[in-house]
Amino acid sequence: MALITSGTFSKALWPGVNKWYGNAYAEFPVEWTDLFEKYTSRKAFEEDVGVSGLGLAAVKPEGQGVQYDTMQQAFITRYTHIVYALGFMVTREAMEDDQYDVVAEKRARALAFSMRQTKEILAANVYNRAFTAGYTGGDGVTLGANNHPNAVGGTWSNILATAANLSEAALEQAVIDIGKWTNDRGLRIAVMPKSLHIPVDLQFEAERIMKSQYRIGTSNNDVSALVSMGKFPGGVKVNHYFTSATAWFLRTNVPDGMKYFERRGDSFNEDNSFDNDTAKFKADFRCSFGWTDPRGVYATPGV
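Residues numbered from 1 in each chain as written. Predicted model: local features only at pLDDT ≥ 70, side-chain atom pairs only at ≥ 80, totals over all residues. Heavy atoms only, no water.

Asker: Would you mind going over the sheet that holds strand E10 (residues 258-273) with me for this structure?
Answerer: Two pairing modes exist for strands in a sheet, parallel and antiparallel, and in both the strands are linked by backbone hydrogen bonds. Strand order in the open sheet made by the four strands is E1-E10-E11-E4, with mixed pairing throughout. Because the sheet does not close on itself, it has two edges, and the strands there are strand E1 (37-40) and strand E4 (82-91). Each strand axis lies, on average, 30° off the axis of its neighbour in the sheet, ignoring direction. (Pairing = 2+ DSSP bridges. Helix = DSSP H or I, 4+ residues; strand = E, 2+ residues; numbered from the N terminus. Axes fitted to C-alpha atoms, helices over the stretch in contact; angles between N-to-C directions.)

See below:
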């Protein structure tokens, strides 16, 4: 049983320690909120059900009847809320004899740090596994794929035809691809990229691409079309929890794309065991991360 005792923090029982370190690191600002839209839930799970639209209008010859079309239920995405929890126990003697309040004062900070890191990693992992077999959405394929099925037949892609590292040309091609997207019935839809999401490794390249008024890496005095046209109004978002050094993602304005459901927010509680004078501290939250419409993201693993 994991238990903090006097022996666990033996140095805390005696004077002479100049500094306790390792529990006061600075944290990055919350980043997972840039990756998902937040929703609340009051049920054990949530389901999003797709609906196929209607097709194009047909010519109606004089005196003949109207051609009727149909709509149908499409893919179903289920968000099952999972509880994540962590805690620790401390003996009464360890708390009484602690000369530096190491256990007493630092406990909430350490627990909160762990809970925040857990949520960041859960969120980032949806993107980290965007190209990993087995991590599929409601349509049965991975988040980033060239074979997303339409409910009425056929497929479409939300990745580059040929994987490419982050560059001006690759971003321009991504914007072009997004501009050609259609709904399940093949009708054009007005999708626009909102923001670029990258790992720490690509922050300098992204800065050069997105902040230069002129094209980079060329002696031509051409304007940067990406910048002058304002193609990424949400800017560049660096995520410190992305695990790939080359993968990058564009979030789009498609509704019901990347979704986070909060069933229960962060909760911190403490209690005492009457029999053995042990103090217990715990934190938990209940949530789910995922995606409904993969058109909410355009992605490439890089090379």
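Asker: Quick question: what am I supposed to make of the sheet that holds strand E8 (residues 236-239) here?
Answerer: Here four strands make up an open sheet; going across it, the order is E8-E7-E9-E12 and the pairing mixed. Every other strand in the sheet has two partners, leaving E8 and strand E12 (297-300) as the edge strands with one partner each. Strand-to-strand, the axes of this sheet are offset by a mean angle of 20°, without reference to chain direction. Alignment of strand E7 (residues 193-199) against E8, held across four bridges, turns out to be parallel.

Asker: Quick question: what am I supposed to make of the environment of Ala190 here?
Answerer: Looking at the secondary structure, you find Ala190 in the loop between helix H3 (168-179) and E7. When the C-alpha atoms of Ala190 and Asn253 are compared, they prove to be 8.8 Å apart, with 63 residues separating the residues in sequence.

Asker: Explanation requested: the packing of aromatic side chains in the structure shown.
Answerer: What characterises a pair of aromatic rings is the spacing of the ring centres plus the angle enclosed by the ring planes. Counted under the stated rule, the structure contains 15 aromatic pairs. Look at Trp32 and Phe289: their rings are 5.8 Å apart centre to centre, the planes differ by 85°, and that puts the pair in the edge-to-face class. Taken together, the residues span a long stretch of sequence, with Trp32 in the segment before E1 and Phe289 in strand E11 (residues 278-291) at a distance of 257 residues. Take Trp32: its relative accessible area is 10%, and that puts it in the buried class. (Phe/Tyr/Trp six-rings, centres within 6.5 Å; stacked < 30°, edge-to-face > 60°. Buried < 20%, exposed > 50% of the residue type's maximum accessible area, 1.4 Å probe, protein only.)

Asker: Honestly, the nonpolar core in this entry has me stumped. Any pointers?
Answerer: Burial of nonpolar side chains together is a common tendency in soluble globular proteins. Phe36, Val126, Tyr127, Phe249, Met258 and Phe289 are the most contacted members of the largest nonpolar core, which totals 30 residues. Contributions of two or more residues to this core are made by E4, helix H2 (102-128), E10, E11 and E12. For Val126, the contacting residues outside a window of four places in its chain are Phe36, Leu143, Met258, Phe289 and Trp291. Counting 22 residues, the second largest nonpolar core, distinct from the first, contains Ala170, Ile178, Ala206 and Phe232. (Core = buried A, V, L, I, M, F, W, Y, C linked by side-chain atoms within 4.5 Å. Contact = heavy atoms within 4.5 Å.)

Asker: Would you explain the pattern of salt bridges in this entry?
Answerer: Oppositely charged side chains can pair when the atoms bearing their charge come close. Going through the model one piece at a time under the given rule, you end up with 15 salt bridges. A salt bridge links Arg295 to Asp184; its shortest N-O distance comes to 3.3 Å. A residue pair is termed long-range when its members are at least 10 positions apart, and Arg295 in the loop between E11 and E12 and Asp184 in the loop between H3 and E7 qualify at 111 residues. You'll find Arg295 and Asp184 in the same group, each marked buried. (Salt bridge = Lys/Arg side-chain N within 4 Å of Asp/Glu carboxyl O.)

Asker: Sorry if this is basic, but what is going on with the confidence of the model for the protein chain here?
Answerer: Low pLDDT means the predicted coordinates in that region are not meant to be read closely. Here the protein chain averages 88 in pLDDT, while 87% of its residues score no lower than 70. Predicted confidence is poor over residues 10-14, with pLDDT under 50, and the contacts of this stretch with residues over four places away or in other chains come to 14 contacts. Below pLDDT 50 for its whole length, residues 16-21 participates in eight contacts with residues either more than four positions away or in separate chains. (pLDDT = per-residue confidence, 0-100.)

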